[in-house]
Amino acid sequence: MSTASPDAHVRLDTHPTHPSAVTAALTGAQAHIPHVGLEAAGWHVAANNILVLARIDHEEPYWAEQAAQQLAADGITVEITPQLREAIDEEWTWANYPMPWCTRTEVREVSDDAQKIHDDIRHGRLLIHAHAQDTHTTVAVGTYLDTGKSVYLHGENHLRQIANAFDSPARALTAFEDMHADTMRPGPAPMTDTERETAEARTSLGTPTTAPEPPSTGAGTAPAEAPGPGAHEALLDSFIEDNGEWEKYRTWSDDTSVANHETLTLRAEFDHEARGHDTAWTIASYQSPVGERTWHATATASTPTDMIETLLKSLDTDTAWTERTSAPLTERTLNTVTGPLTEFGWTQTINGHHINWPAPNGETGLCLDVAAAVGATTAHSQPAWTLWGGNTAEQPTWTVEFTRHTPAAVLQHLTYNLALTHSARTAHPQKVPGHGHKAVRTTAPATPTPPLPGRAARSW
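Parameters at a glance
Residues numbered from 1 in each chain as written. Predicted model: local features only at pLDDT ≥ 70, side-chain atom pairs only at ≥ 80, totals over all residues. Heavy atoms only, no water. Salt bridge = Lys/Arg side-chain N within 4 Å of Asp/Glu carboxyl O. Helix = DSSP H or I, 4+ residues; strand = E, 2+ residues; numbered from the N terminus. Buried < 20%, exposed > 50% of the residue type's maximum accessible area, 1.4 Å probe, protein only. Core = buried A, V, L, I, M, F, W, Y, C linked by side-chain atoms within 4.5 Å. Contact = heavy atoms within 4.5 Å. 1 Å grid on protein atoms, 1.4 Å probe; cavity = no way out; pocket = protein on both sides within 12 Å on 5 of 7 lines; lining within 4 Å. Points joined across faces, edges and corners; volume = space filled by probe spheres on them. Nonpolar A, V, L, I, M, F, W, Y, C, P; charged D, E, K, R; others polar. Pairing = 2+ DSSP bridges. Axes fitted to C-alpha atoms, helices over the stretch in contact; angles between N-to-C directions.

### A closer look at the pattern of salt bridges
Per the stated rule, a full pass over the model turns up 17 salt bridges. Ionic pairing is found between R104 and E59, a salt bridge with its closest N-O pair at 2.8 Å. Taken as a pair, R104 in helix α4 (residues 104–122) and E59 in the loop between β4 (50–53) and α2 (60–73) lie far apart in primary sequence, 45 residues in all. With a relative accessible area of 27%, R104 lands in the partly exposed category.

Below is the structure:
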C-alpha cells in the first residue's frame, strides 16, 4: 500500500547576509513535517516557516545537501537554488590546517565533533566551569549534566576537541588549575568572532538579494571623509559604558582623557584636540601596575571610526592582558596577523626590510618593518606594524601603528576588519574557495618572504 507524499515544499537557499549559512523556506499544508525533521537536525527557527542552518565549521552547504536527500527520501519536494548548488559543489580547504594528514572527510568529521561540543554548550548540556589561555588558543573544563562526565576542552571553533575526561568535576577542576592557574578564569570564554557571526546568522535574515553588493571599501576611490571631532569621543564614551572594568578620567589638561583597565596594566589615552595626522590615540600595556611598558599602539585622528572601535574591542579580550609580551616575530605570529589578508587574496610585496600587504584596490594595507619587528633597531618604540588607509602607503591619510611586542591576536582583530571591508567579494576568512576546480588550493604568499635573521631560508 503506497503512502501519499506530504503536502510540503522546502526551498533551500544561501543565507542573504552570512557566508556559508543556509536557509530553508517551508510551504504547504503539511509544512510542519519537514519543520520537525530540520529542527531535529540542528536547524534553527528564524521566522514563521523559515529555518536557518548556521555552523561554526562553515560546512552548512554539505549538511544542507544531506538534509535535502533525507527530505526527498521522505517524499517531500525539495528545491535547491542555483547559488546553493554552487556552494555545495565548491571544493575548498582550511588554510594552515593543523592536521594536514586528514582527508577532506576526516576534516569534516573533526569539525562536526567540534560543532557538537559547541551545540552542547549552547543548549546547556555541557556546563563550562572555567577557561584559560594556552599559548595561542583557548582551553576549558566542563561537565556534561546528563552523564556527569567532566571534560578538558582544547581549541576554538572548528578545532575544539575533548582532550581528556574525568570522573568528577572536582578532579577535572583540580587538574585544570594545576595546568592553567596563571590564566584561569571562571565560566566560559568570551564568544569568538566565528561563534558571534554564527549566532547572528541564526536570528538575522537581512534582505535577500540575488547578487550581494561588495562590502564597503572604507577609503573608497575618493578618500573617505575624516571622522568628525566628536566621533572618536563618542566611541571612547560607549566603550567605557559597555566595559565596566575600564574607568575614564581627565588629566590635569582638559585636552586629554585617559582610560585605565582595572588591572592597571592596560591604558588608553585620547587627545581631544588632535586633528588629521596628529596622534589621537595611544594604547599601552604594562608588565604590572608599576612595571615597564611592554607594547603600545598609536592611531591618528583621521583613522576611520570602525578601525578605532575594533582596536578598543581588541583590548577587551583575554589575550590583550594575559600576553604581557609576545615574541618579537615568529612564523606563528606572522601567520596569525596576516592570515585574514592572505585568505582574502591579498598578496605581499617586499621593499627592502619592509613587507607590504596592500588591499586589492590599493587603498589600504598592512606594512611590516622586519628590522623593527625582530629588534634589529635600537629604537624600541619604533613601530613594527603599520595599518594605513587612503592615498598611498608612503603618504597615507591615516595610520595605526604597533610596536613589536603587540599580541598577535590584537593585530589580527584589525587585519580581519581590513580584509572584510576592503576585499573585492564577501568571503569568510580561513576558508579558501577552490573556484570549482578539482584540486583545492591553500593560501600562499605571492612572493617568498625573506628569512628572519638567524633562520635558514624557507618558504612560509
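### Overview of the nonpolar core
Considering soluble globular proteins, one finds that nonpolar side chains tend to be buried as a cluster. Counting 48 residues, the largest nonpolar core has W246, W281, L368, W385, L387, V400 and F402 as its most contacted members. At six residues, helix α12 (residues 408–421) tops the list of elements feeding residues into this core. Contact partners of L387, with chain neighbours within four places excluded, come to M307, G365, L366, W398, T399, V400, F402, L414, T415 and L418. Core analysis: the next-biggest nonpolar cluster, separate from the first, contains 18 residues, A8, A24, L51 and A67 among them.

### Side note on the layout of surface pockets
Here the second largest pocket is characterised by a volume of approximately 590 Å³. L38, A40, A41, G42 and W43 are, among the 29 residues lining the second largest pocket, the residues nearest its centre. Counting residues per element, the ones that place at least two in the lining of the second largest pocket are α1 (32–40), α2 and α4. Each residue belonging to the lining of the second largest pocket can be placed in one class, and the counts come to 12 nonpolar, eight polar and nine charged.

### Here's the deal with the sheet that holds strand β3 (residues 44–47)
In spatial order, the strands read β3-β4-β2-β1-β5; together these five strands make up an open sheet with mixed pairing. Either end of the sheet is taken by a strand with one partner, and the two such strands are β3 and β5 (77–80). Strand-to-strand twist in this sheet, taken as the mean axis angle between neighbours without regard to direction, amounts to 30°.

### Focus: the sheet that holds strand β7 (residues 126–134)
The strands that make up a sheet pair up through hydrogen bonds in the backbone, lying either parallel or antiparallel. Reading across from one edge, β10-β9-β8-β7-β11 is the order of the five strands in this open sheet, with antiparallel pairing throughout. The open sheet has two edge strands, β10 (161–166) and β11 (185–186), and neither has a second partner. As judged from the eight bridges shared by β7 and strand β8 (residues 137–144), these two strands associate in the antiparallel manner. When the sheet's bridge partners are listed, A130 is paired in β8 with V141.

### Points about unusual backbone geometry
The phi torsion at S20 lies on the positive side, around 80°, for a residue other than glycine. Checked against the element boundaries, S20 lands in the loop between β1 (9–14) and β2 (22–27). Even without being a glycine, H58 presents a positive backbone phi close to 60°. Secondary-structure assignment places H58 in the loop between β4 and α2. You can call H58 buried: its relative accessible area is 5%.

These figures come from the coordinates and say nothing about function on their own.
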